[in-house]
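A look at the structure
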Amino acid sequence: MNAPKPAPYNHALIEKKWQEAWQEAGIYTVADSVPGKENYYTLVEFSYPSGNLHVGHWYAFSVPDIFARYKRMQGFNVLYPMGFDAFGLPAENAAIKQGADPKVWTYEQMEKMRTQLRSMGAMFDWEREIVSCDPIYYKWTQWMFNQFLKNDLVYRAVTKVNWCPKDMTILANEQVTDGVCERCGTEVVQRDQEQWMIRITKYADRLVDDLDELAWPNAIKEAQKNWIGRSAGSELSFPLVGTDNTIDVFTTRADTLFGVTYVVIAPEHTLVSELLSRVENADEVLAYIADTKKKSELDRQQSKEKTGVQLKGVMAKNPANGEAVPVWIADYVLAGYGTGAVMGVPEHDERDREFATKYNLPIVDQPLVDAKEITETVGGKMVSTYRLRDWGISRQRFWGCPIPIVYDPEGNAHPVPDEHLPWILPSDVDHTPDGTAPLARSKELFERTESIFGKGWRPEVETMDTFVDSSWYFYRYLDNKNTESFASESVRDAWMPIDLYMGGAEHTTMHLLYSRFWVKALHELGLVKENESYVMRRNRGLILGPDGNKMSKSKGNVIDPDEIVSRLGADTVRLYLAFMGPYGVTGNYPWDPNGVVGVHRFLERVWKLKEKIGKGAPTNLLHKTIKKMAEDIEEYKFNTAISAMMILLNAWEKEDAILLEEYKTLLQLLAPFAPHMTEELWHELGETESIHLSAWPAYDSTRIVDDSVTLGVQINGKVRDELLVATNASKEEIEAAALALPKIQGHLAGKEVKKVIVVPGRAINIVASE
Ligand code: ANZ
């Protein structure tokens, strides 16, 4: 009778079974401390409950899971948590589109996504899950807001805001890309609006300077620095002729002071209205100011033709030489940058030159002076100015964290006291956006406010930007059920700072900057010990459609991970995504349907390789593979780590037999990548404990050296042949073997060998007579 044919690899029989078994055994439950183990916190940005997991989610979550699993096998107590960034526009817009209640819709989507996330086989500890729209979570978002308010880090102000006419809400500067809303692509307009602001600019210097302490990739640090845009320069005062007033300008080129031929102030500058009574052409000036209001900051910076109006009758005095120069208003000068006023130096500044040329202002070439010195001489001061603006967090939308503020009958704002937190988002609201805050339509919220605070009190009706929710979420994973504090000191001590944070490149100047600020602010208020939250940050790239374009429904190039998981398995998808290229280098990789199948075949071959288990010989290549894989994984080069396993597989397939222990070692190396299949084989081979609780294999350093090496054989410096020699061959053996090579003998015919130089491991040089 023939032996029964071994069962082929069938992911469908394996994956769900192990996911359930792991869950039941609780092998991914993470304790805050484990004796003898060091904690390691791996974080990925939590996702919006968009409803359906796409390939991008798989790339974002399953590849870092490989790293987290590897670290765990290395003996660390690894936390790799998951949750939902559940408030916000994407959820709200989707709910509106479907005519659903945002809350009901959000909770439904999260339930669907949990199932899909489980299908990844990731080591998320679901006990620690956080949901930013749960009152138990946002209580602490509100509490922190109040702490910031008490400490002058939150204030209310009328500012120019970016308004998205489609989403009908304010956007932070960071949410506007090239003048359009980063979510919906609609052109953003400028409005004056009163809103709650967070004083992030107070931390501008620290946000720049502390980057030096971080071992992050330079590109990320540079992007943050550019966004903050610190510019060192001087503030100089130009006295206004005939008054006690001055125009203060900000310049990075005080050395050009002698070349100033005019001064320009921003049309919105407060000085303009003060000067109006003295201006001879007030009508013209007012008309220009009205025109400026129609333009966005971006238009003003990019406009091809410079425009402006002279304030006739007003002159300013150059503090360096006392010369009187005309004063203009022009929209190329922005009110919110520096002092909102500029000294015009057409000889040295391109914009000034265009302006001067257009309006026939003199262009004079004057020698440059020591900058620093001139600033002192004219009584100016050295200052820094920044591109970064304070963070406006008011949103006129429903689905967000309520701003915990109430107004007394006189209209003064008061924080909602801690005992009334969480300050619950009301549910009796028609949330259809119309540009006004939907919470203003909640009867319950108004009644609640009056019943707690008294007659005539009214609630704040704005909600917070969701970037507030996500600025501190990593603390809450550590203590998600705590009702006394956002996270206890002991758990923060155990886990913070985060060892590795992987996320999207698009967050570099948004979430990544906001959360760095948030931690610095908490630190300064004595609420956390660390001043920076992320030891290492890596930005991943995008997975493109098979056509090389960004995946989009309209292009029909969207890959549905669920379909591939059911056809080829989660292990294949994980392995394929890791194989596409190095992770964390912002490379964008197109999806290759053949590539996925190729990776699947690799798993089938590993599966089949077990049939070769028998009386094989130990292989050095295995030890080299272990070493290489660890080195590659530490650098997030999962692709080359997989290649190393493929090389090992190719070699072993040529053998008649392989050792059981060595095969099991391969399974351990593959376990972080293909957790289900390796677990199945591990048990089939007699193990009773999970492979994921086993240790990362150690290599034997005596077995990672090559047995032989190829040396170039030169005659008088010219390479003539190659020689394969044992690594432990003596110089005499190598010399004799080289001289015996037929090619070398041919070249040496009729010549006399004078000397043979052997450079061990590198080359053999024969010196012969010409
Ligand atoms: C005179 C000058 C001469 C300037 C020269 C530059 C070159 P960064 O480096 O981006 O900080 N400036 C100052 N405030 C401005 C405002 N509110 N709107 C528009 N422009 C403004 O740029 C600083 C320079 O931008 C400043 O230095 C000022 O022009 C201009 F050869 O002063 B400079």
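The model shown is predicted, which means the values in this text are computed figures rather than measured ones. Per chain, residues are indexed from 1 in the order of the written sequence. Local features are withheld for residues below a pLDDT of 70 in this predicted model, meaning they are given only at 70 or higher, and side-chain atom pairs are given and counted only at 80 or more; totals for whole chains, interfaces and linings count all residues. Remark: hydrogens and water are excluded; side-chain values derive from all non-hydrogen atoms of the structure.

**Considering the site of the ligand**
By convention in these notes, a residue is near a molecule or strand provided one of its non-hydrogen atoms lies within 4 Å of it. Taken together, 17 residues lie near the ligand, and Ser-231, Thr-251, Leu-334, Tyr-337 and His-348 sit nearest. Within the side chain of Thr-251, a nitrogen or oxygen atom sits 2.7 Å from an oxygen atom of the ligand. Polar contact is the term for a pair of N or O atoms within 3.5 Å; when the atoms are in protein, one must be able to donate a hydrogen and the other to accept it, and sequence-neighboring residues count only if both atoms are side-chain atoms. One of the backbone N or O atoms of Thr-252 is found 3.0 Å from an oxygen atom in the ligand. Isolated, the ligand exposes 650 Å² of accessible area, and the fraction of that covered by the protein chains is 83%. A run of DSSP states H or I qualifies as a helix once it reaches four residues; a run of E qualifies as a strand once it reaches two. Both are numbered from the N-terminal end. Of all the secondary structure elements, the ones that give two or more residues to the shell around the ligand are strand 11 (246-251) and strand 15 (341-344). Any residue that is not Ala, Val, Leu, Ile, Met, Phe, Trp, Tyr, Cys, Pro, Asp, Glu, Lys or Arg is counted as polar, Gly included; the first ten are nonpolar and the last four charged. In the shell around the ligand, the residues fall into eight nonpolar, six polar and three charged. Here, Shrake-Rupley sampling with a 1.4 Å probe gives the accessible areas, and only protein chains in the shown set may cover a residue.

**Some thoughts on the layout of surface pockets**
Reported here for the second largest pocket is a volume of approximately 620 Å³. Along the walls of the second largest pocket sit 26 residues, with Gln-19, Glu-20, Gln-23, Arg-118 and Ser-119 positioned nearest its centre. Those elements that place two or more of their residues in the lining of the second largest pocket are helix 1 (11-25), helix 4 (102-118) and helix 18 (561-568). The dominant element in the lining of the second largest pocket, judged by the number of residues it contributes, is helix 1, at eight residues. Class assignment of the residues belonging to the lining of the second largest pocket gives a composition of nine nonpolar, 10 polar and seven charged. Residues are called lining when one of their atoms sits within 4 Å of a cavity or pocket point, these points coming from a 1 Å grid over the protein atoms alone, where a cavity is a set in which a 1.4 Å probe fits but cannot get out and a pocket is an open set with protein on both sides within 12 Å along at least five of seven lines. Grid points are joined across faces, edges and corners, and a volume is the space filled by probe spheres set on the points.

**Digging into the side chain of Arg-703**
Along the chain, Arg-703 falls in the loop between helix 24 (675-684) and strand 27 (708-715). Polar contacts involving the side chain of Arg-703 include one to the main-chain carbonyl oxygen of Thr-619, which spans 3.3 Å. In terms of polar contacts, Arg-703 uses its side chain to reach the side chain of Asn-620, at 3.1 Å.

**Focus on the sheet that holds strand 15**
What the four strands build is an open sheet, ordered 13-14-12-15; its pairing is mixed. Looking along the sheet, the strands with just one partner apiece sit at the ends: strand 13 (308-317) and strand 15. Neighbour to neighbour, the strand axes of the sheet diverge by 25° on average, direction disregarded. At least two bridges found by DSSP between two strands are what make those strands a pair. As paired strands, strand 12 (residues 262-265) and strand 15 are joined by four bridges and run antiparallel to one another. Residue Val-264 lies in a different strand from strand 15, and its bridge partner there is Val-342. Across the sheet, helix 9 (residues 282-293) is in contact with strand 13 and strand 14 (324-330); its angle to strand 13 comes to roughly 120°. What makes two residues a contact is simply this: any of their non-hydrogen atoms within 4.5 Å. Axes, fitted as lines to C-alpha atoms, cover a helix only where it is in contact. Angles between the N-to-C directions of the axes lie from 0 to 180 degrees. Along the sheet face, helix 11 (residues 350-358) touches strand 12, strand 13, strand 14 and strand 15 and points at about 105° away from the line of strand 12.

**Describing the environment of Ile-452**
As for its placement among the helices and strands, Ile-452 is situated in helix 13 (residues 443-453). Ile-452 gets classed as partly exposed once you look at its relative accessible area, which sits at 33%. C-alpha of Ile-452 to C-alpha of His-420: the two residues are 32 residues apart in sequence and 9.0 Å apart in space. Non-local contacts of Ile-452, meaning those with residues more than four positions away in its chain, are made with His-420 and Trp-423. Remark: exposure states derive from per-residue accessible area (1.4 Å probe, protein chains only) relative to the maximum for the residue type, with buried under 20%, exposed over 50%, and partly exposed in between.

**Some words on the side chain of Arg-128**
Tracing the chain through its elements places Arg-128 in the loop between helix 4 and strand 4 (130-131). In this structure the side chain of Arg-128 is engaged in a polar contact, spanning 3.0 Å, whose partner is the backbone oxygen of Tyr-477. Excluding residues that lie within four positions of it along the chain, Arg-128 makes contacts with Val-30, Ala-31, Asp-32, Leu-79, Tyr-477, Leu-478, Asn-480 and Trp-495.

**Some details on empty space enclosed by the protein**
Here the structure, examined in full by the defined rule, presents one cavity of 30 Å³ or more. Gly-88, Leu-89, Arg-395, Asp-465 and Thr-466 are, among the 18 residues lining the largest cavity, the residues nearest its centre. Secondary-structure elements contributing two or more residues to the lining of the largest cavity are helix 3 (89-97), strand 6 (169-171) and strand 22 (463-464). Classifying every residue of the lining of the largest cavity gives six nonpolar, six polar and six charged.

**Considering the environment of His-348**
Counting through the fold element by element, His-348 comes out in the loop between strand 15 and helix 11. The partly exposed category is assigned to His-348, whose relative accessible area is 35%. In the structure, His-348 is positioned 19 residues away from Ile-329 in sequence and 20 Å away in space, judged by C-alpha atoms. Those residues within four positions of His-348 in sequence are excluded, and the remaining contacts are Arg-253, Thr-256, Gln-366 and Leu-368.

**Regarding the packing of helix 21 (residues 620-634) against helix 22 (residues 638-654)**
Relative orientation of the contacting elements helix 21 and helix 22 amounts to 170°, with a least axis distance of 8 Å. Between helix 21 and helix 22, the interaxial angle falls into the category roughly antiparallel. Two secondary-structure elements touch here, helix 21 through Leu-621, Leu-622, Thr-625, Lys-628, Met-629, Asp-632 and Ile-633 and helix 22 through Phe-638, Thr-640, Ala-641, Ala-644, Met-645, Ile-647, Leu-648, Ala-651 and Trp-652. A per-class count over the contact of helix 21 with helix 22 returns 12 nonpolar, two polar and two charged. Geometric relationships in this document are graded by angle, where less than 35 degrees denotes roughly parallel, more than 145 denotes roughly antiparallel, 65 to 115 denotes roughly perpendicular, and other angles denote oblique.

Read these as spatial facts, not as claims about activity.
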